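# Close look at the chain arrangement
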Amino acid sequence: MTTLVLDPETVQLITKRANRLAKFLNIDADKFFSLLPHLSKKQIKLPKPTNVASYIDHTNLHPYATKEDIIKICKEAKEFNFASVCVNASRVREAYKQLKDTKLKVAAVVGFPLGSMQTESKVFESVQAVEDGATELDMVIDVGKLKSQDYKYVLNDIQSIVEAIDPEVHLKVILETCKLDEEEIVDACLLSVLAGAQFVKTSTGFSTGGAKAKDIKLMKSVVGENREVKASGGIRTYESSLEMILNGATRIGASKGVQIVNEERNKDKKNNKKEEKKHNFADVSMALGAGVIFGLTTSFLTGKKRIKKEKKKRFFSIF
Ligand SMILES: O=C[C@H](O)COP(=O)(O)O
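Because the structure is a prediction, the values reported are computed rather than measured.

What follows is about the sheet that holds strand 7 (residues 170–174). Pairing in this closed barrel of eight strands is parallel, and the strands run 3-4-5-6-7-8-9-10 around the ring. The sheet shows a mean angle of 25° between the axes of neighbouring strands, taken without regard to direction. Strands strand 3 (56–60) and strand 4 (84–87) of the sheet are contacted by helix 4 (residues 67–80), whose axis makes an angle of about 165° with strand 3. Contacts from helix 8 (residues 151–164) reach strand 5 (105–110), strand 6 (136–140) and strand 7, with the element oriented near 165° to strand 6.

Right, here's the structure in full:
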């Protein structure tokens, strides 16, 4: 377990935005704060990081992805033991067909990638995707509505999906953080928590920027221990995946999952080789050390004997 300590400025920012949103939504601010117990504790416990593959939503959201492309990512997901495959709605059935006998999940994107369609369309997509085999949904918020301070709309957009699907199906709310400032990120996270979504997610991977560690930290600071953060968009390396995880991400959305895991494995191999070399060196040093000690002891003893003999000789020569 590691701990994410919330700095006073962040706590102040979240508190201020929660009070402000409560006014806009005409709800009791305490309702917000009962969902955010970590704010008074000023810290969040993060789970101990494990192998990177278990965090990865292996993703192909390319509009031109063929059936073969979907089969390929499903095979890779099985081989590398990823968390899920993440696909467009019309590919869910194929992905489910490939993965139904495994523990792997199928995640479908909803309202993707722009998020500006009607709520009813998003709800329809969500229900259909679950019927087709998805057990996770990654929906895009209506960024323009958030920026227009139409918080009721954004809340209803998310809540309508939560209410339409089985509670076992996890909803990830994509914020498109590269288009938001800090206050807007906090607002979007607060609305997601209030709507009952399990995850907030940084990016679609189709806009002008992707996941940043500082945004992950801020998002985790808002949603706390009981909700999760998914980092996505532009994550290409093991190093950056680890950075996201250490800042609070429990899921990594990436189209380069295989590359990321191979990097981790190569690093492990290198480290193992280093360890092996260290051990070998230690063994050789020990052997050398033993040899030196043996040599020294022997020469010391023979030296002692020689001195004794010479002393004896000298003693008798007196007579
Ligand atoms: O949700 C996941 C993103 O679309 C993946 O983006 P990426 O292709 O930059 O890894």
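Additional details are given in the paragraphs that follow.
Leu 137, Ile 141, Ile 158, Leu 190 and Ile 252 are the most contacted members of the largest nonpolar core, which has 82 residues in total. Ranked by residues supplied to this core, first place goes to helix 9 (residues 182–195) with nine residues. With seven residues, the next largest nonpolar core counts Cys 86, Ala 107, Val 140 and Ile 174 among its residues.

The buried fraction of strand 7 amounts to four of the five residues, a majority that puts the element mostly inside the structure. Two strands pair when backbone bridges link them, and strand 6 and strand 7 are joined in this way by five bridges, in the parallel orientation. Paired with Met 139 across the bridge in strand 7 is Val 173. By the bridge criterion, three bridges tie strand 7 to strand 8 (residues 199–201) in an arrangement that is parallel. Bridge assignment links Ile 174 to a residue of strand 8, and that residue is Lys 201. In this region the chain leaves strand 7, passes through helix 9 and returns to the parallel neighbour strand 8; the handedness of that crossover is right-handed.

Cis peptide bonds are those with omega within 30 degrees of zero, and the linkage from Phe 112 to Pro 113 qualifies with -5°. If you trace the backbone, Pro 113 turns up in the loop between strand 5 and helix 6 (119–132). A positive phi angle is found at Asn 81, which is not glycine, with a value near 60°. Take Asn 81: it is sitting in the loop between helix 4 and strand 4. Classification of Asn 81 as exposed rests on a relative accessible area of 56%. At Gln 149, a residue that is not glycine, the phi angle is positive and equals roughly 65°. Tracing the backbone through its elements, the reader meets Gln 149 in the loop between helix 7 (143–147) and helix 8. Under the relative-accessibility criterion, Gln 149 is labelled partly exposed at 36%.

What counts and how
- Residues numbered from 1 in each chain as written.
- Predicted model: local features only at pLDDT ≥ 70, side-chain atom pairs only at ≥ 80, totals over all residues.
- Heavy atoms only, no water.
- Pairing = 2+ DSSP bridges.
- Helix = DSSP H or I, 4+ residues; strand = E, 2+ residues; numbered from the N terminus.
- Axes fitted to C-alpha atoms, helices over the stretch in contact; angles between N-to-C directions.
- Contact = heavy atoms within 4.5 Å.
- Core = buried A, V, L, I, M, F, W, Y, C linked by side-chain atoms within 4.5 Å.
- Buried < 20%, exposed > 50% of the residue type's maximum accessible area, 1.4 Å probe, protein only.
- Right-handed = clockwise from strand over helix to strand, strands pointing away.

That's the geometry; what it means functionally is another story.
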